[in-house]
Amino acid sequence: MSTSSRSEALFARAKKVIPGGVNSPVRAFGAVGGNPRFIASADKEMITDVDGNTYIDYIGSWGPMILGHNHPAILEAVKKAAEKGLSFGAGCPDEVDMAELICEMVPSVEMVRMVNSGTEAVMSAIRAARGFTGRNKIIKFEGCYHGHCDAMLVKAGSGVMTSGVPDSAGVPAGCAEDTLTAVYNDIESVRALLSRFPEDVAAVIIEPVAANMGVVAPKEGFLKELRGLCTEYGTLLIFDEVITGFRLGIDGAQGYYGVTPDLTTFGKIIGAGMPVGAYGGRREIMEMVSPVGKVYQAGTLSGNPVAMAAGLAQLRILKAHPELYRGMNEMGAYFRERLGQLAERYQAPCQVNGVGSLSCLYFSGEPVTDYQSAKQSDVKEFGEYFRYLLDHGIYVAPSQFEAIFLSSAHTKEDIDRTLSVMEAYFDSRYSK
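For every chain, the first residue of the written sequence is number 1, and numbering continues from 1 onward in sequence order. Selection of residues for local features in this predicted model requires a pLDDT of at least 70, selection of side-chain atom pairs for listing and counting requires 80 or more, and totals for whole chains, interfaces and linings are taken over all residues. Note that water and hydrogens are dropped before the side-chain values are worked out from all heavy atoms of the structure.

Caption draft 1: Expanded view of the overall build of the protein chain. Helix numbers and strand numbers start at the N terminus; a helix is a DSSP run of H or I with at least 4 residues, a strand a run of E with at least 2. A tally of regular secondary structure across the protein chain gives 15 helices and 14 strands. If you line up the protein chain on its principal axes, its C-alpha atoms span 60 × 55 × 45 Å. Looking at the protein chain as a whole, 54% of its 432 residues qualify as buried. A contact between two residues is defined here by any heavy atoms of the two lying within 4.5 Å. Within the protein chain, contacts between residues separated by at least 24 positions form 72% of all contacts whose residues are at least 6 apart in sequence. Working definition of accessibility: Shrake-Rupley area with a 1.4 Å probe, residue cover restricted to the visible protein chains. Here the protein chain displays about 18,000 Å² of accessible surface, and carbon together with sulfur accounts for 52% of that area. For the purpose of charge, His is not counted, nor are the chain termini; Lys and Arg are scored as positive and Asp and Glu as negative. We put the charge of a Lys on NZ, of an Arg on CZ, of an Asp on CG and of a Glu on CD. Between the centroid of the 40 positive side chains of the protein chain and the centroid of its 50 negative side chains there is a distance of 3 Å. Each residue's exposure class comes from its accessible area (1.4 Å probe, protein chains only) as a fraction of the maximum for that residue type: buried when under 20%, exposed when over 50%, partly exposed otherwise.

Following this line, the structure appears as structure tokens:
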């Protein structure tokens, strides 16, 4: 049983000066019980909290630590960049290198604009889509999370699902009135909306792998049918690859599934975990963005030299070593196969979903294919499972509706140790 007295003391102090004691809601452990751990350090696949407890980390800063924590090449790049200055508020060489590298690695991206978060990338991509098409409506999918901009907080996933709040207070009705909601993996729900508003929908935005209601992969042909519908109605297709970009492969989910979007949003992975994002796509669309076009978007910290240096180091390693993807994807498949076997052996009401290095264990007796089926999961049981894993040195996301992230730093020994702890949990709960 791990001790957490220092984390508890920090949390008590934090609650007096930070809403809920956290700077992002899911960190509060509200969905799983207990007090959150405050992390003191991280290295490779391990993290250590302020009480000295070490854990195998399956969050990886919510995905971007694809090479593990403290990769030496990334650390060296950050140190060198920081010595030259933390922020210029002007262009720097690395942001040009980053833009060229993204355009080279992701064929659908002909031009790209750096921003500071996935939320900002989505907000900006939607604005560009509206400016390009002259249309106002947006179609999103139930359970897909696209950041906390007003128009996207409609049946969102991730922390919104975890807290049981379907929408957000403080969002005027007018901000979301042009947001239409379809059902993930149900192409007819999209067709119905487009046929109802044939000349009004600027874009359809989707997580190509829904990774904010756990992990839900697209059904065979779903993304290709979606591409066809968007082309038919003159609607732009936006892939939100904040999680899947440069994780499923060097060209993200669009390369993995062979579907070309018009615009793509990227997040923290292009900063190796530092605050950064980007959006990009077809040249004719991106040339609508100021100062070339009339779609305004700006940011003092966009293209920050330290973040660019970190991200370049990570992306260059991934580009040079495609075998890293093979290794992570094989490890993910091994993990899911073994976990599924455990659930079957103990006749546990569980579903194991995943793609590549993304996985999720749902406490549900029925397959999880969309938002509604994800919501049937037993979140109380997940809380029991989470606390057991935490007490035994395994750190997964404190929410049923988040992914398990593998990195290239995880070893088969790590996976086997994790599976051993999970087996002990199943044995304690489901043995006859």
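Caption draft 2: Structural detail: the nonpolar core. For this analysis, a nonpolar core means a set of buried residues of the types Ala, Val, Leu, Ile, Met, Phe, Trp, Tyr and Cys, connected via side-chain atoms within 4.5 Å. Ranked by internal contacts, the top residues of the largest apolar core, which has 42 residues, are Ile139, Phe141, Tyr184, Ile206, Leu226 and Leu237. Only β5 (137-141), β6 (179-182), α7 (187-196), β7 (201-206), α8 (222-233), β8 (236-240), β12 (358-362) and α13 (371-374) provide two or more residues apiece to this core. Among the elements that make up this core, the one with the highest residue count is α8 (6 residues). If you look at the next biggest cluster of nonpolar residues, it comprises 35 residues, including Leu342, Phe386, Leu389 and Val421.

Caption draft 3: Highlighting the pattern of salt bridges. Counted as salt bridges are all cases of a side-chain nitrogen of Lys or Arg within 4 Å of a carboxyl oxygen of Asp or Glu. Per the counting criterion, the structure on display carries 14 salt bridges. One salt bridge connects Arg338 with Asp416, and the closest N-O pair in it is separated by 3.9 Å. Taken as a pair, Arg338 in helix α12 (residues 323-345) and Asp416 in helix α15 (residues 412-430) lie far apart in primary sequence, 78 residues in all. Two residues, Asp416 and Lys412, come together in a salt bridge whose shortest N-O distance is 2.8 Å. One end of the pair is Asp416 and the other is Lys412, both in helix α15 and 4 residues apart, which spans about a single turn. Accessibility expressed as a relative area gives 42% for Lys412, which makes it partly exposed.

Caption draft 4: View of the pairing of β7. For β7, the tally of buried residues reaches 6 of 6 residues, placing the bulk of the element in the interior. Should DSSP find at least two bridges between two strands, the strands are regarded as paired. The pairing of β5 with β7 spans 3 bridges and is classified as parallel. Bridging from a neighbouring strand, Ile138 pairs with Ala203 of β7. Sheet analysis places β7 next to β8, joined by 4 bridges and oriented parallel. Note that in β8 the partner of Val204 across the bridge is Leu237.

Caption draft 5: Representation of helix α14 (residues 379-391). For α14, built from 13 residues, the straight-helix expectation of 18 Å at 1.5 Å per residue is met to within 8% by its first-to-last C-alpha distance of 18 Å. Listed in full, the buried residues belonging to α14 are Glu381, Phe382, Gly383, Tyr385, Phe386, Leu389 and Leu390. Taken together, the buried residues of α14 touch β3 (54-57), β12, β13 (394-395) and α15. Any pair of nitrogen or oxygen atoms within 3.5 Å is treated as a polar contact; in protein, a donor-acceptor pairing is required on top of that, and neighbouring residues in sequence qualify only through side-chain atoms on both sides. Its side-chain oxygen placed 3.1 Å from the backbone nitrogen of Lys380, Asp378 serves as the N-cap of α14. Gly393 sits one or two residues past α14 and shows a positive phi near 80°. In this scheme, a helix's expected span is set at 1.5 Å multiplied by one less than its residue total.

Caption draft 6: Local environment of the sheet that holds strand β11 (residues 351-355). Read across the sheet, 3 strands follow the order β11-β12-β14 without closing on themselves; strand pairing throughout is antiparallel. A strand with exactly one partner marks an edge of an open sheet, and here the two such strands are β11 and β14 (404-405). As paired strands, β11 and β12 are joined by 5 bridges and run antiparallel to one another. Within β12, the position partnered with Val355 by the bridge is Leu358. Throughout, an axis means a line fitted to C-alpha atoms (over the contacting stretch in the case of helices), and angles, computed between N-to-C directions, take values from 0 to 180 degrees. Against the sheet, α12 contacts β11, β12 and β14, and its axis sits at roughly 170° relative to β11.

Caption draft 7: Quick look at the environment of Ile205. Tracing the backbone shows Ile205 in strand β7. The class for Ile205 is buried, based on a relative accessible area of 0%. Residues contacting Ile205, with those up to four places away along its chain left out, are Val122, Ile138, Ile139, Lys140, Phe141, His146, Met152, Ile238 and Asp240.

Caption draft 8: Inspection of the packing of helix α3 (residues 93-105) against helix α11 (residues 305-320) at higher detail. Between α3 and α11, the shortest axis-to-axis distance is 9 Å and the interhelical angle comes to 35°. Here α3 and α11 pass one another in a crossing that is left-handed. Contact with α3, carried on its side by Asp94, Glu95, Asp97, Met98, Leu101, Ile102, Glu104 and Met105, involves Pro305, Met308, Ala309, Gly311, Leu312, Leu315, Arg316 and Lys319 of α11 and no other residues of that element. Considered class by class, the residues forming the contact of α3 with α11 number 9 nonpolar, 1 polar and 6 charged. Crossings are classed by handedness, with left-handed meaning an anticlockwise turn of the near helix from the far one by less than a right angle and right-handed meaning a clockwise turn. Charged means Asp, Glu, Lys or Arg here, nonpolar means Ala, Val, Leu, Ile, Met, Phe, Trp, Tyr, Cys or Pro, and polar covers whatever is left, Gly included.

Coordinates in, geometry out; function isn't part of it.
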